[in-house]
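Coordinates in review
Given next are the chains, with one letter for each unit.
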Amino acid sequence: PAFALNFCDEGFVNDPLRELHVPALLEMLGVPCSGAGPAALAICFNKSLVNAAAAAMGIPVPVEIHVGASDPSPPLPAAFPVLVKPACGDGSVGITPASIAQTPAELACTIARLRAEFPGRALLVQELLTGPEYTVGLVGNPAHGLHVLPIIEVDYSSLPPGLPRILGYDSKFRTDSPYWTDIRYVEAQLDDDRRGLLRDYSTRLFERLECRDFARIDFRLAADGTLKLLEINPNPSWRWNDNHAVMAGFAGWSYAEFLRRVLDAAQERLRGV
């Protein structure tokens, strides 16, 4: 084939641990493809590496403790509540309301549960961010024009009281969950300074982590108003009702136009090599 449009965002045979294997195989076969390459997917899969890179660039990240898979007694965080999640993962796997710990005892139980569920994986214990949550979508490439789509905000206002305001596994995969049915995504109302920060942080991360053609980057405000990175997805969902399509709609693009622009970005990048 002359070109492959890689929309395999779930990984080879739907295994997120093998998401990078698809472009790696194409690369080995000499078939150019759209989207991030295997190195970018490998780095971005490891959230602690992404946060280390972002912090080195001066981009704020949540205060966190890295808990190794064999660490017998991880240090306690400076403050509670905290969110515990796998250090490597995709699709918010392992992130549920039960991932929030309010006390040292709850933290120990949460770590034990996640270690049993994800054996051999390191965990991150992070400060729980509770401010407004924003998503930035990018289409294009730095050398050929990188387009920042209208930024969206997560609207938790219809979520039943008592449920933590987080985007976890249920919000993406459980259609019977209020996290699926009651969360909305609206165009963010931002002042120029915050909008500028989101655009600056996102475009710099896109280039530094060697994303290609399109990517999604999520941020949330800390209690003190600091904008902090949540995660970067270098191979985000492209489906008609997911965030990139929603942001494209706010930009005035049809769904077909959004897909065409991703395809065009890949073609322009490949012609420029």
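Residues numbered from 1 in each chain as written. Predicted model: local features only at pLDDT ≥ 70, side-chain atom pairs only at ≥ 80, totals over all residues. Heavy atoms only, no water.

Section: the side chain of Asn 46
The residue Asn 46 is located in the loop between α2 (38–45) and α3 (47–56) in this model. With relative accessibility at 17%, the residue Asn 46 sits in the buried group. Polar contacts involving the side chain of Asn 46 include one to the side chain of Ser 48, which spans 2.6 Å. (Helix = DSSP H or I, 4+ residues; strand = E, 2+ residues; numbered from the N terminus. Buried < 20%, exposed > 50% of the residue type's maximum accessible area, 1.4 Å probe, protein only. Polar contact = N/O pair within 3.5 Å; in protein donor to acceptor, adjacent residues only side chain to side chain.)

Observations regarding helix α7 (residues 192–208)
A rise of 1.5 Å per residue sets the reference length of α7, with its 17 residues, at 24 Å; its end C-alpha atoms lie 24 Å apart and thus fit the reference within 8%. Taken together, the buried positions of α7 are occupied by Leu 198, Tyr 201, Ser 202, Leu 205 and Phe 206. Buried residues of α7, viewed axially, fall in a sector of 130 degrees; they line one side. Seen from the open side of α7, the exposed residues pointing more than 90 degrees away from its buried face are Asp 192, Asp 193, Glu 207 and Arg 208. Here α7 starts with a cap whose side-chain oxygen sits 3.2 Å from the backbone nitrogen of Asp 193, and that cap is Asp 191. Phi for Glu 210, located one or two positions after α7, is positive at around 60 degrees. (Expected span 1.5 Å × (residues − 1). Arc of directions from axis to C-beta.)

Some thoughts on the sheet that holds strand β1 (residues 64–67)
Spatially, the four strands line up as an open sheet ordered β1-β4-β2-β3, and their pairing is antiparallel. Two strands bound the open sheet, and with one partner strand each, they are β1 and β3 (100–101). Sheet topology note: the β1/strand β4 (residues 123–127) ladder contains four bridges and is antiparallel. The residue bridging His 66 from the neighbouring strand is Leu 124, located in β4. The strands that helix α4 (residues 104–117) touches are β1, β2 (82–86), β3 and β4; relative to β2, the one it contacts most, it runs at about 15 degrees. (Pairing = 2+ DSSP bridges. Contact = heavy atoms within 4.5 Å. Axes fitted to C-alpha atoms, helices over the stretch in contact; angles between N-to-C directions.)

Things to note about the packing of α2 against α3
Each packed pair of helices is defined by two parameters, the angle between the axes and the distance between the axes. Look at α2 against α3: their axes get within 5 Å of each other, and the N-to-C directions meet at 95 degrees. Viewed along their axes, α2 and α3 adopt a mutual orientation that is roughly perpendicular. Side by side, α2 and α3 meet where Ile 43, Cys 44 and Phe 45 of the first sit next to Lys 47, Leu 49 and Val 50 of the second. Looking at the contact of α2 with α3, its residues break down into five nonpolar, no polar and one charged. (Parallel < 35°, antiparallel > 145°, perpendicular 65-115°, else oblique. Nonpolar A, V, L, I, M, F, W, Y, C, P; charged D, E, K, R; others polar.)

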